[in-house]
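Notes for the structure review
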Amino acid sequence: MWSQRGVVDYGLAKRATLQSLRSGRMTRRDVCDAHPYLLRAARYHGEPTKRVCPICEHRNVTHVTYVYGDQLGRVTGHVKATSDLVQMAHEYEEFRVYVVEVCQGCSWNHLTVSFVLGNGGPPGGSGVDGRIPET
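Right, let's walk through the structure included here. Numbers given to residues run from 1 along each chain, matching the order in which its sequence is written. Note on the predicted model: pLDDT of at least 70 is required for a residue's local features to be given, and 80 or more for side-chain atom pairs to be given and counted; whole-chain, interface and lining totals, by contrast, use all residues. In computing side-chain values, all of the structure's heavy atoms are included and hydrogens and water are not.

1. Structural notes on the packing of aromatic side chains
Here the aromatic set is Phe, Tyr and Trp, taking the six-membered ring for Trp, and pairing holds for ring centres within 6.5 Å; pairs whose planes are under 30 degrees apart are stacked, those over 60 apart are edge-to-face, and all others are tilted. Evaluated as defined, the whole model comprises two aromatic pairs. With centroids separated by 5.7 Å and ring planes inclined at 75°, the aromatic side chains of tyrosine 68 and tyrosine 98 adopt a geometry described as edge-to-face. Taken together, the residues span a long stretch of sequence, with tyrosine 68 in strand E3 (residues 60-68) and tyrosine 98 in strand E5 (residues 95-102) at a distance of 30 residues. A ring pair is formed by tyrosine 92 and phenylalanine 95, whose centres lie 6.3 Å apart and whose planes are at 80°; its orientation type is edge-to-face. Comment: elements are numbered from the N terminus, with helices defined as DSSP H or I runs of at least four residues and strands as E runs of at least two.

Here you go:
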(Lines give C-alpha, C1' and ligand atoms only; values in the text may rest on other atoms or scores of the structure.)
Protein backbone atom coordinates (compact mmCIF):
# COMPACT_ATOMS: atom_id res chain seq x y z
CA MET A 1 0.00 0.00 0.00
CA TRP A 2 1.42 3.38 -1.02
CA SER A 3 1.43 5.05 2.41
CA GLN A 4 2.23 2.05 4.60
CA ARG A 5 4.85 2.80 7.25
CA GLY A 6 5.77 1.80 10.80
CA VAL A 7 5.28 -1.88 10.00
CA VAL A 8 5.56 -4.31 12.91
CA ASP A 9 5.59 -8.00 11.99
CA TYR A 10 4.69 -10.30 14.88
CA GLY A 11 6.01 -13.45 13.18
CA LEU A 12 8.72 -14.01 15.81
CA ALA A 13 6.17 -13.77 18.62
CA LYS A 14 3.96 -16.27 16.79
CA ARG A 15 6.84 -18.70 16.37
CA ALA A 16 7.73 -18.35 20.04
CA THR A 17 4.13 -19.06 21.05
CA LEU A 18 3.97 -22.13 18.81
CA GLN A 19 7.31 -23.38 20.16
CA SER A 20 6.08 -22.92 23.75
CA LEU A 21 2.98 -24.91 22.87
CA ARG A 22 4.96 -27.72 21.28
CA SER A 23 7.44 -27.88 24.14
CA GLY A 24 4.69 -28.10 26.75
CA ARG A 25 5.29 -24.72 28.41
CA MET A 26 1.85 -23.62 27.19
CA THR A 27 -1.32 -25.58 26.63
CA ARG A 28 -3.73 -25.43 23.73
CA ARG A 29 -6.16 -23.76 26.06
CA ASP A 30 -3.62 -20.96 26.59
CA VAL A 31 -3.39 -20.15 22.88
CA CYS A 32 -6.90 -20.98 21.64
CA ASP A 33 -8.66 -18.27 23.58
CA ALA A 34 -10.28 -15.98 21.03
CA HIS A 35 -12.90 -13.68 22.49
CA PRO A 36 -16.45 -14.38 21.23
CA TYR A 37 -16.55 -10.91 19.60
CA LEU A 38 -13.35 -11.66 17.69
CA LEU A 39 -14.80 -14.97 16.49
CA ARG A 40 -17.97 -13.18 15.40
CA ALA A 41 -15.94 -10.52 13.59
CA ALA A 42 -14.00 -13.28 11.82
CA ARG A 43 -17.21 -15.02 10.78
CA TYR A 44 -19.05 -12.00 9.42
CA HIS A 45 -16.34 -9.48 8.49
CA GLY A 46 -13.10 -11.44 8.20
CA GLU A 47 -11.21 -12.19 5.02
CA PRO A 48 -10.46 -15.86 4.35
CA THR A 49 -6.87 -16.91 3.70
CA LYS A 50 -5.26 -20.02 2.25
CA ARG A 51 -3.13 -20.50 5.37
CA VAL A 52 -3.98 -23.50 7.50
CA CYS A 53 -4.37 -22.99 11.25
CA PRO A 54 -1.06 -23.85 12.95
CA ILE A 55 -2.90 -25.42 15.91
CA CYS A 56 -5.77 -27.58 14.66
CA GLU A 57 -4.53 -27.88 11.04
CA HIS A 58 -8.15 -28.45 9.93
CA ARG A 59 -9.33 -24.98 8.90
CA ASN A 60 -7.80 -21.99 7.22
CA VAL A 61 -7.31 -18.88 9.31
CA THR A 62 -9.30 -15.73 8.68
CA HIS A 63 -7.80 -12.23 8.83
CA VAL A 64 -9.66 -9.60 10.82
CA THR A 65 -8.42 -6.05 10.21
CA TYR A 66 -9.03 -3.34 12.83
CA VAL A 67 -8.37 0.38 12.42
CA TYR A 68 -7.55 2.86 15.19
CA GLY A 69 -6.83 6.57 15.10
CA ASP A 70 -7.85 9.84 16.68
CA GLN A 71 -9.11 11.20 13.37
CA LEU A 72 -11.33 8.21 12.65
CA GLY A 73 -13.95 9.27 15.18
CA ARG A 74 -16.65 6.62 15.55
CA VAL A 75 -14.91 4.35 13.03
CA THR A 76 -11.94 3.77 15.36
CA GLY A 77 -11.85 0.20 16.63
CA HIS A 78 -13.99 -1.10 13.77
CA VAL A 79 -13.27 -3.99 11.46
CA LYS A 80 -12.52 -2.92 7.89
CA ALA A 81 -12.01 -4.83 4.66
CA THR A 82 -8.56 -4.58 3.12
CA SER A 83 -10.14 -2.91 0.09
CA ASP A 84 -11.42 -0.06 2.34
CA LEU A 85 -7.92 0.78 3.55
CA VAL A 86 -6.83 2.40 0.28
CA GLN A 87 -9.61 4.98 0.39
CA MET A 88 -9.07 5.55 4.10
CA ALA A 89 -5.34 6.10 3.51
CA HIS A 90 -6.24 8.94 1.14
CA GLU A 91 -8.87 10.45 3.46
CA TYR A 92 -7.07 10.47 6.80
CA GLU A 93 -3.72 11.85 7.88
CA GLU A 94 -2.74 8.86 9.99
CA PHE A 95 -4.27 5.75 11.53
CA ARG A 96 -2.99 2.39 12.69
CA VAL A 97 -4.07 -0.94 11.24
CA TYR A 98 -3.95 -4.26 13.13
CA VAL A 99 -4.40 -7.59 11.37
CA VAL A 100 -5.33 -10.57 13.54
CA GLU A 101 -5.43 -14.15 12.27
CA VAL A 102 -8.26 -16.21 13.71
CA CYS A 103 -9.21 -19.87 13.43
CA GLN A 104 -12.95 -20.24 13.70
CA GLY A 105 -12.52 -23.94 14.44
CA CYS A 106 -10.20 -24.00 17.47
CA SER A 107 -10.24 -20.29 18.47
CA TRP A 108 -6.53 -19.71 17.79
CA ASN A 109 -5.83 -16.01 17.36
CA HIS A 110 -2.67 -14.03 16.95
CA LEU A 111 -1.78 -10.49 15.96
CA THR A 112 0.13 -10.89 12.69
CA VAL A 113 1.06 -7.36 11.65
CA SER A 114 0.39 -3.73 12.44
CA PHE A 115 1.21 -0.65 10.39
CA VAL A 116 0.38 3.00 9.94
CA LEU A 117 -1.50 4.35 6.93
CA GLY A 118 -2.56 7.82 5.91
CA ASN A 119 -1.81 10.70 3.60
CA GLY A 120 0.58 12.37 6.05
CA GLY A 121 -1.25 15.70 5.89
CA PRO A 122 -4.13 17.27 7.76
CA PRO A 123 -7.49 15.62 7.06
CA GLY A 124 -9.37 16.97 4.06
CA GLY A 125 -6.45 19.07 2.84
CA SER A 126 -4.12 18.37 0.01
CA GLY A 127 -1.62 21.16 0.60
CA VAL A 128 1.37 21.10 2.93
CA ASP A 129 -0.29 23.47 5.41
CA GLY A 130 -3.65 21.69 5.23
CA ARG A 131 -5.30 24.19 2.91
CA ILE A 132 -6.48 23.23 -0.52
CA PRO A 133 -4.26 25.04 -3.01
CA GLU A 134 -5.88 27.82 -5.02
CA THR A 135 -6.15 27.29 -8.76
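So, next bit.
2. Brief notes about the nonpolar core
As used in this record, nonpolar core signifies buried Ala, Val, Leu, Ile, Met, Phe, Trp, Tyr and Cys residues forming a set joined through side-chain atoms within 4.5 Å. Each residue's exposure class comes from its accessible area (1.4 Å probe, protein chains only) as a fraction of the maximum for that residue type: buried when under 20%, exposed when over 50%, partly exposed otherwise. Counting residues in hydrophobic clusters, the biggest one holds 12 residues: Val67, Leu72, Leu85, Met88, Ala89, Tyr92, Phe95, Val97, Val99, Val113, Phe115 and Leu117. Residue assignment for this core shows that the elements contributing at least two residues are helix H4 (82-91), E5 and strand E6 (109-117). Sequence-distant contacts of valine 99, that is, excluding residues within four places in its chain, are made with His63, Val64, Thr65, His110, Leu111, Thr112, Val113 and Phe115. If you look at the next biggest cluster of nonpolar residues, it comprises 11 residues, including Leu21, Val31, Cys56 and Cys106. Throughout, a residue-residue contact means that at least one pair of heavy atoms, one from each residue, lies within 4.5 Å.

3. Here we look at unusual backbone geometry
Excluding glycine, residues mostly carry a negative phi; peptide bonds, for their part, are mostly trans. Not every positive phi belongs to a glycine, and glutamate 57 is a case in point at roughly 55°. Inspection of the secondary structure assignment puts glutamate 57 in the loop between strand E2 (47-52) and E3. A relative accessible area of 57% places glutamate 57 in the exposed class. With a phi angle near 75°, serine 107 is a residue other than glycine that sits in the positive phi range. With respect to the secondary-structure elements, serine 107 resides in the loop between E5 and E6.

4. Overview of the state of the cysteines
Pairs of cysteine sulfur atoms within 2.5 Å are identified as disulfides in what follows. Going through the model one piece at a time under the given rule, you end up with zero disulfides. With no disulfide of its own, cysteine 103 lies closest to cysteine 56 among cysteine sulfurs, the gap being 3.6 Å. Cysteine 103 sits in the buried class, given a relative accessible area of 0%. Cysteine cysteine 106 shares no disulfide, and the gap to the nearest cysteine sulfur, in cysteine 53, comes to 3.6 Å.

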